[in-house]
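Summary of the model geometry
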Amino acid sequence: MATWLGGVCVSAIKRALWCKVPGPTLFLCSRQLASLADSFDANSRYKDQPWEYLNSEEYLQRYGQKSIWADYRRNHKGPIPPQKTRKTCIRGGKVCGNPCPICRDEKLGLHYKNVKLLQQFICPHTGIVYDPTTTGVCMKQQKVLMKVITEATDHGFLPAHVPYIVLPHEDYLNSHGAVSDTLSPKAGPWYSWYEWQEPNPKDAVRLRKLYKPYLKEMMANK
């Protein structure tokens, strides 16, 4: 029984190595192995430096100048789409049908240096990250996306958008009801109910005996 690995017949390769197949078949297998090696090198290179994939011809042929989620439509039952996207597209090593724009392309890497990819998920006017119901990204990738965008902003690769707030001028005017001049101190006690009263000498002696170990004056005299 023939075993297939990456579109290449393993048994055919074994026969070619043992010189049981003619030369053209061996040449064909070597070409397929070379193409697999090239694809492996490209995937490993994009894994380490995912921002190079957005500048490659393969990306331009697949997406063009549009964002990766522009033509994405999620499968759902009924005419009304769900209010939340799916939790994840990959469960137990199996990819679900019609995965999200990030999960369907393995060469797309969420990295804080991959600015061109992150800018596709940020509104250029407000600086707010698009809702996953708009982009179709699953919730697992959305959490990673938010984390990477925050990291890119902290490193200075993305601009930090500060919201413009209109401050009411009435709160900063001296004519406001809550703003007034400081009152001058009163001649007598500050509180009308407070008046200094001389303590009873007997109560003072009794309290001194009670709190003798804790009084600083008594301990200093010792």
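What this report covers is the structure whose coordinates are included nearby. The model shown is predicted, which means the values in this text are computed figures rather than measured ones.

Moving on, we come to the overall build of the chain. Of regular secondary structure, the chain possesses 8 helices and 4 strands. The N-to-C order of helical and strand elements in the chain reads β-β-α-α-α-β-β-α-α-α-α-α. In the chain, which comprises 222 residues, the share counted as buried stands at 24%. Split by element, the accessible area of the chain, about 18,000 Å² in all, is 58% carbon and sulfur.

This part is about the packing of aromatic side chains. Within the structure shown, the criterion is met by 4 aromatic pairs. Aromatic pair Y59 and Y63: ring centres 4.9 Å apart, planes at 40°, arrangement tilted. With a gap of 4 residues between them, Y59 and Y63 both fall in helix α3 (residues 57–63), about one helical turn apart. Residue classification places Y63 among the buried positions, given a relative accessible area of 11%.

It is worth spelling out a nonpolar patch on the surface at this point. A contiguous nonpolar surface patch, about 770 Å² in accessible area, is contributed by W190, Y191, W193, Y194 and W196. In this fold, W190 is placed in the loop between α6 (139–155) and α7 (201–210).

Bringing the pattern of salt bridges into the picture now. Using the criterion set out here, one finds 3 salt bridges in the structure. In this structure, K107 engages E58 in a salt bridge whose closest nitrogen and oxygen atoms are separated by 2.7 Å. Of the two residues, K107 sits in the loop between β4 (94–95) and α4 (115–119) while E58 sits in helix α3, which places them 49 residues apart along the sequence. Judged by its relative accessible area of 19%, K107 falls in the buried class. Under the relative-accessibility criterion, E58 is labelled partly exposed at 38%. Note that K66 is salt-bridged to D71, the shortest N-O span being 3.7 Å.

What follows is about the nonpolar core. Side chains of a nonpolar character, in soluble globular proteins, are inclined to be buried together. One finds I68, L108 and F121 to be the most contacted residues of the largest nonpolar core, which totals 26 residues. Excluding anything up to four places from it in sequence, I68 contacts Y59, Y63, P101, I102, R104, L108, L117, Q120 and F121.

Right, let's talk about the environment of Q49 for a bit. Looking at the element boundaries, Q49 is found in the loop between α2 (23–48) and α3. Through-space distance from the C-alpha of Q49 to that of K107 is 9.8 Å; in sequence the pair is 58 residues apart.

It is worth spelling out the environment of Q83 at this point. Structurally, Q83 can be placed in the loop between α3 and β3 (90–91). The exposure class of Q83 is exposed, given its relative accessible area of 67%. In sequence terms Q83 and P132 are 49 residues apart; their C-alpha atoms lie 9.5 Å from each other.

Compared with the 24 Å implied by 1.5 Å per residue over 17 residues, the 24 Å span of α6 between its first and last C-alpha is a close match. All of the buried residues in α6 are Q141, Q142, L145, V148, I149 and A152. Here the buried residues of α6 occupy an arc of 130° about the axis, which is enough to place them on one side. Residues of α6 that are exposed and point over 90 degrees away from its buried face: K140, K143, K147 and D154. Here the buried face of α6 lies against α4 and α5 (132–135). Positioned one or two residues after α6, G156 has a phi angle of 90°, which is positive.

Here we take up the side chain of T85. With respect to the secondary-structure elements, T85 resides in the loop between α3 and β3. Contact partners of T85, with chain neighbours within four places excluded, come to R74, P132, T133, G136, V137, C138 and M139.

Notably, N98 is not glycine yet its phi reads approximately 55°, a positive angle. Here N98 lies in the loop between β4 and α4. You can call N98 partly exposed: its relative accessible area is 24%.

Cut-offs used in this document
Residue numbers run consecutively from 1 along every chain, following the written order of its sequence. The predicted nature of this model means local features are confined to residues of pLDDT at least 70 and side-chain atom pairs, given and counted, to a pLDDT of 80 or more, with totals for whole chains, interfaces and linings taken over all residues. Remark: hydrogens and water are excluded; side-chain values derive from all non-hydrogen atoms of the structure. Helix numbers and strand numbers start at the N terminus; a helix is a DSSP run of H or I with at least 4 residues, a strand a run of E with at least 2. Residue exposure (1.4 Å probe, protein chains only): buried if accessible area is under 20% of the type maximum, exposed if over 50%, otherwise partly exposed. Accessible surface is estimated by sampling points in the Shrake-Rupley manner with a 1.4 Å probe; for residues, cover comes only from the protein chains shown. Any Phe, Tyr or Trp ring, taking Trp's six-membered ring, that has another such ring centre within 6.5 Å forms a pair; planes under 30 degrees apart are called stacked, those over 60 apart edge-to-face, and the others tilted. Distance thresholds for patches are 9 Å for like charges and 5 Å for nonpolar side chains (Val, Leu, Ile, Met, Phe, Trp, Tyr), applied to residues having over 30% relative accessible area and no salt bridge. Within this document, salt bridges are pairs made up of a side-chain nitrogen of Lys or Arg and a carboxyl oxygen of Asp or Glu, the two lying within 4 Å of each other. We define the nonpolar core as a collection of buried residues of types Ala, Val, Leu, Ile, Met, Phe, Trp, Tyr and Cys that are connected through side-chain atoms lying within 4.5 Å of one another. What makes two residues a contact is simply this: any of their non-hydrogen atoms within 4.5 Å. Working rule for helices: expected span equals 1.5 Å times residues minus one. By definition, the arc is the one covered by directions from the helix axis to the C-beta atoms.

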